[in-house]
Amino acid sequence: PFLSDLSDEGSLEYSDFSTPEGSPSLCPLSSEGTLESNYMAVDDLSTSSVTLRKTGSAPQDDVPVIRKVCVIGAGYVGGPTAAVLALHNPHIDFTVLDRDPARIRRWNSGHLPIREPGLSEVVRVARDGYTSDPEPLVQNLRRIDSKLDAQDYQASDRKPNLMFSTDTPTVLADADLVFLAVNTPPKATGIGAGAASDLSALEGAVADIGKYAKAGTIVVEKSTVPCGTAHVIEQLLSASRPQTPFSILSNPEFLSEGTALRNLLHPDRILIGAPRTPAGAQATRALTALYTPFIPRSKILAIDTRSAELAKLAANAFLAQRISSINSLSALCTATGADVHEVAAAVGADARIGPAFLGAGLGFGGSCFGKDIASLAHTARALYLPDVGAYWASVLEVNVGQRVRAAGRIIARLNNSLVRKKVTILGFAYKKGTGDTRDSLAVQIVRILLAERPAEIAIFDPACSPAGIEREIEGLGHEGRVKVYTDPYAACRDANALLVVTDWDMFRSGSAARGTYTLGPDAGAVPIRADDSRIAVVPRGHTLGSAPACADECPECAAQRADGGAMGRLDWARVAYHLAEPRYVLDGRGVLGREEMGRLGIEVEGLG
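If you're wondering where the values come from, they're calculated on a predicted model, not measured in any experiment.

Caption draft 1: Focus on the overall build of the protein chain. Counting its regular elements, the protein chain contains 19 helices and 22 strands. Within the protein chain, the proportion of its 608 residues that are buried is 51%. At a minimum sequence separation of 6, the contacts of the protein chain that also span at least 24 residues come to 77%. Surface summary for the protein chain: the accessible area is close to 27200 Å², and the carbon and sulfur share equals 52%.

Caption draft 2: The environment of Ile104, seen in detail. By secondary structure assignment, the location of Ile104 is in helix 2 (residues 101-107). Separated by 60 residues in the primary sequence, Ile104 and Phe164 have C-alpha atoms spaced 6.0 Å apart.

Caption draft 3: Seen up close, unusual backbone geometry. For the bond running from Glu581 to Pro582, omega is 10 degrees, close enough to zero to count as cis. You can see Pro582 is positioned in the loop between helix 18 (572-578) and strand 21 (584-587). For Phe357, which is not glycine, the phi torsion reads 60 degrees and is therefore positive. Structurally, the position occupied by Phe357 is in the loop between helix 11 (340-348) and helix 12 (369-382).

Caption draft 4: Structural view of the pairing of strand 11 (residues 247-250). Burial of strand 11 is two-sided: the residues Ser247 and Leu249 facing one way and the residues Ile248 and Ser250 facing the other way are all buried. For strand 10 (residues 218-221) and strand 11, the ladder comprises 4 bridges, and the chain directions are parallel. Bridged to Ile218 within strand 11 is Ser247. Chirality of the crossover, the property in question, places the unit of strand 10, helix 7 (residues 229-240) and strand 11 among those that are right-handed.

Caption draft 5: How the structure looks around the pattern of salt bridges. A full pass over the atoms with the stated rule returns 16 salt bridges. Between Lys312 and Glu253 there is a salt bridge whose closest N-O contact spans 2.9 Å. Of this pair, Lys312 sits in helix 10 (residues 305-336) while Glu253 sits in the loop between strand 11 and helix 8 (260-265); the two residues are 59 residues apart in sequence, bridging distant segments of the chain. As far as burial versus exposure is concerned, Lys312 and Glu253 are alike and both buried. Taken together, the salt bridges that share partners define one network made up of Arg124, Arg127 and Asp128.

Caption draft 6: Examining helix 13 (residues 386-413) more closely. Along its 28 residues, helix 13 runs 40 Å from first to last C-alpha, staying within 8% of the 40 Å computed at 1.5 Å per residue. The complete set of buried residues in helix 13 reads Gly389, Trp392, Ala393, Val395, Asn399, Gly401, Gln402, Arg403, Ala406, Ala407, Ile410 and Ile411. Its buried side turned inward, helix 13 meets helix 10, helix 12, strand 14 (422-426), helix 14 (441-450), strand 17 (497-500) and strand 21. Of the residues one or two after helix 13, Asn415 is the one with positive phi, at around 60 degrees.

Caption draft 7: Quick look at the side chain of Asn496. Secondary-structure assignment places Asn496 in the loop between helix 16 (488-492) and strand 17. Among the polar contacts listed, one links the side chain of Asn496 to the backbone oxygen of Glu581, at a separation of 2.9 Å. Residues in contact with Asn496, not counting those within four places in the same chain, are Leu414, Lys421, Lys422, Ala580, Glu581, Pro582, Arg583 and Tyr584.

Caption draft 8: A look at the packing of aromatic side chains. Applying the stated criterion across every chain, the model contains 6 aromatic pairs. Residues Phe318 and Trp392 carry aromatic rings whose centres are separated by 6.2 Å and whose planes lie at 45 degrees to one another, so their mutual orientation is tilted. On the criterion of sequence distance, the pair formed by Phe318 in helix 10 and Trp392 in helix 13 is long-range, its members being 74 residues apart. Judged by centre distance (5.8 Å) and plane angle (70 degrees), the ring pair of Phe364 and Phe369 falls under edge-to-face. Comparing Phe364 with Phe369 shows no difference in burial state: the two are buried. Through a chain of ring-to-ring contacts, three or more aromatic side chains come together here, namely Phe318, Tyr391 and Trp392. Across the ring face of Phe254, the terminal group of Arg269 is positioned such that the distance to the ring centre comes to 3.7 Å. Sitting above the plane of the Tyr489 ring, Arg574 keeps its charged end 3.7 Å from the centroid.

Caption draft 9: Region of the structure containing empty space enclosed by the protein. In the structure shown here, the tally under the stated rule is 3 cavities of 30 Å³ or more. Within this model, the second largest cavity holds a volume of roughly 50 Å³. Lining the second largest cavity, in full, are Thr184, Pro185, Pro186, Ala195, Ser197, Thr224, Val225, Pro226, Leu313, Lys371, Asp372 and Ser375. The leading source of residues in the lining of the second largest cavity is helix 12, at 3 residues. Considered class by class, the residues forming the lining of the second largest cavity number 6 nonpolar, 4 polar and 2 charged. Looking at which domains feed residues into the lining of the second largest cavity, each of domain 1 (68-133 + 155-295) and domain 2 (315-525 + 568-606) supplies at least three.

Caption draft 10: Summary view of the packing of helix 10 against helix 13. Look at helix 10 against helix 13: their axes get within 9 Å of each other, and the N-to-C directions meet at 45 degrees. It follows that helix 10 is oblique to helix 13 by the angle criterion. Crossing geometry of helix 10 relative to helix 13 is assigned as left-handed. Side by side, helix 10 and helix 13 meet where Ala317, Phe318, Ala320, Gln321, Ser324, Asn327, Ser328, Ser330, Ala331 and Thr334 of the first sit next to Tyr391, Trp392, Val395, Val398, Asn399, Gln402, Arg405 and Arg409 of the second. For the contact of helix 10 with helix 13, the class distribution of residues is 8 nonpolar, 8 polar and 2 charged.

Caption draft 11: Here's a closer look at the environment of Ile66. By secondary structure assignment, the location of Ile66 is in the loop between strand 4 (52-54) and strand 5 (68-72). Its relative accessible area of 10% is what places Ile66 among the buried residues. Each C-alpha atom, one on Ile66 and one on Asp176, is 5.7 Å from the other, the two residues being 110 residues apart in sequence.

Caption draft 12: Region of interest: the UniProt feature "binding site: NAD(+)" (unreviewed entry) in the protein chain. Sequence positions flagged by UniProt for "binding site: NAD(+)" (unreviewed entry) are, in local numbering, Asp98, Arg103, Thr184, Thr224, Glu257, Lys371 and Arg438. Lining residues of the second largest cavity drawn from the annotated list: Thr184, Thr224 and Lys371. Note on placement: Arg103 falls in helix 2. Overall, Arg103 belongs to the partly exposed group, its relative accessible area being 27%. Mapped onto the fold, Thr184 is located in the loop between strand 9 (177-180) and helix 6 (200-212). A relative accessible area of 3% places Thr184 in the buried class. Excluding residues that lie within four positions of it along the chain, Thr184 makes contacts with Ser197, Asp198, Leu199, Ser223, Thr224, Val225 and Lys371. A polar side-chain atom of Thr184 sits 2.7 Å from the main-chain carbonyl oxygen of Thr224.

Each value, and the rule that gives it
- Residues numbered from 1 in each chain as written.
- Predicted model: local features only at pLDDT ≥ 70, side-chain atom pairs only at ≥ 80, totals over all residues.
- Heavy atoms only, no water.
- Helix = DSSP H or I, 4+ residues; strand = E, 2+ residues; numbered from the N terminus.
- Buried < 20%, exposed > 50% of the residue type's maximum accessible area, 1.4 Å probe, protein only.
- Contact = heavy atoms within 4.5 Å.
- Areas by Shrake-Rupley, 256 points an atom, 1.4 Å probe, with all protein chains shown as cover.
- Pairing = 2+ DSSP bridges.
- Right-handed = clockwise from strand over helix to strand, strands pointing away.
- Salt bridge = Lys/Arg side-chain N within 4 Å of Asp/Glu carboxyl O.
- Expected span 1.5 Å × (residues − 1).
- Polar contact = N/O pair within 3.5 Å; in protein donor to acceptor, adjacent residues only side chain to side chain.
- Phe/Tyr/Trp six-rings, centres within 6.5 Å; stacked < 30°, edge-to-face > 60°.
- Lys NZ or Arg CZ within 6 Å of the ring centre and 35° of its normal.
- 1 Å grid on protein atoms, 1.4 Å probe; cavity = no way out; pocket = protein on both sides within 12 Å on 5 of 7 lines; lining within 4 Å.
- Points joined across faces, edges and corners; volume = space filled by probe spheres on them.
- Nonpolar A, V, L, I, M, F, W, Y, C, P; charged D, E, K, R; others polar.
- Domains from an automatic or database assignment.
- Axes fitted to C-alpha atoms, helices over the stretch in contact; angles between N-to-C directions.
- Parallel < 35°, antiparallel > 145°, perpendicular 65-115°, else oblique.
- Left-handed = near helix turned anticlockwise from the far one by under 90°.
- UniProt positions renumbered as here; feature names shortened; annotations may be inferred.

This is how it looks when you write it as structure tokens:
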């Protein structure tokens, strides 16, 4: 069974005899002209009903042949994207390229540098391969057809086709197609600081392409970039390699941390932006061929390059706009006595609006929404559209204001003074399912609370490493008053007030809380359930290739031995026993039941 489905509920399902389209594994001996050359199995197969669909005519002669793919950037976009594409294209070699040797070392180890449910299983198959004798498969198939002969089947070995490297010259020289998946954060200084995109990493990657890549290489934007960046890339390559043809495409990612595998396997759409030229059409067909083994062609949309670049920014802007809209209403609800949850339910019942992204809370964080809207607003202002820029900037203003109001409510409830008092923050990641500490919602709240001179601000998160949290708060000048805990009960002990920042299931009260959580720097830090604790991407009876061994001085292994451990849901009765008066909790994520918590002597307030 192969990785075949991530359901809407997030469970990872194990389907017998389901093989990714295009995979040579678990199929009769294939040769030109056989059934497999014209037909491929659909995604949803079962042992009782096997359906085939025709994939189309023979490949067109003008479609470039892709044998080697390079992904520049081993981060939250590049790593998972390369892993999934490699899994479904076993005949193509994928190499993830990064200048950071420490990051590449972790991708080549048992300690991946990012946490995503199912990612380690996918990486293991594509990076390490697997081997098997076909006999166990034949025995299973004989239950359906007793006349099957083992000689008709080949051993379904899979060779590794996912590599991670820092060897820029070699990898780029061999690549037929290059994805640009580098970081494009807001500029830290200069004109447009905090809003304009810093494209220095992208420009560096393009310079390497111009220096080492072969003529005809297809260059694909994966990073989120301002509209018109593809044209900039074309100009940079033309300047460094005059008369050398390159095709530039835009293929923006729509990944959400914590659900990246599901987003990659079951996207709403795949956008491919290309120039409307014969070369652009050829490059589009080549890129499309990487997706069609597991994505229906009906979901692959070919549009103009600039439209694709702007569509990514627009999609995030629309989602963030909804969050700020409901949060602005939550402030009105607090002031008027209305219930924001009832308002959201009533508004979401309108078919024109729908219920998605209407949960009031502390607002959006992370490395995408904020920077993308800031980039959109900056672009509008730079193009002399001040009203458009002001409109999108207001979405950010509401988002910031929500956290200011939350911090103000804590201060007000503690009699407008935090002197000699302790406040505990539960959760540092901007959303559950990820250990990413970047652009945490908590940082701004901590900054406001520190101005009130508290005795201590305690922080606990089941996924974020203490080092990562401390790195984010080191610029706040807290003088030791902010402490990061690996034990939630120690973090809550003697606290006068708690603030729930992240909607981890372990913080939920009552029946809503379930799952097991693994703590520590290398923890998965997501709910582990029987139906989704692993992704079955290796056929039964097969053996994965050997994983790279860690060095004796491996820092991740040392950290895991020191801090690793399992923890179930938070025992709120135990928390309540050790809280200091007034035993106040501001629930910034709507994970606590007020009546249930009230019986424990805890006062809970929500946002709206």
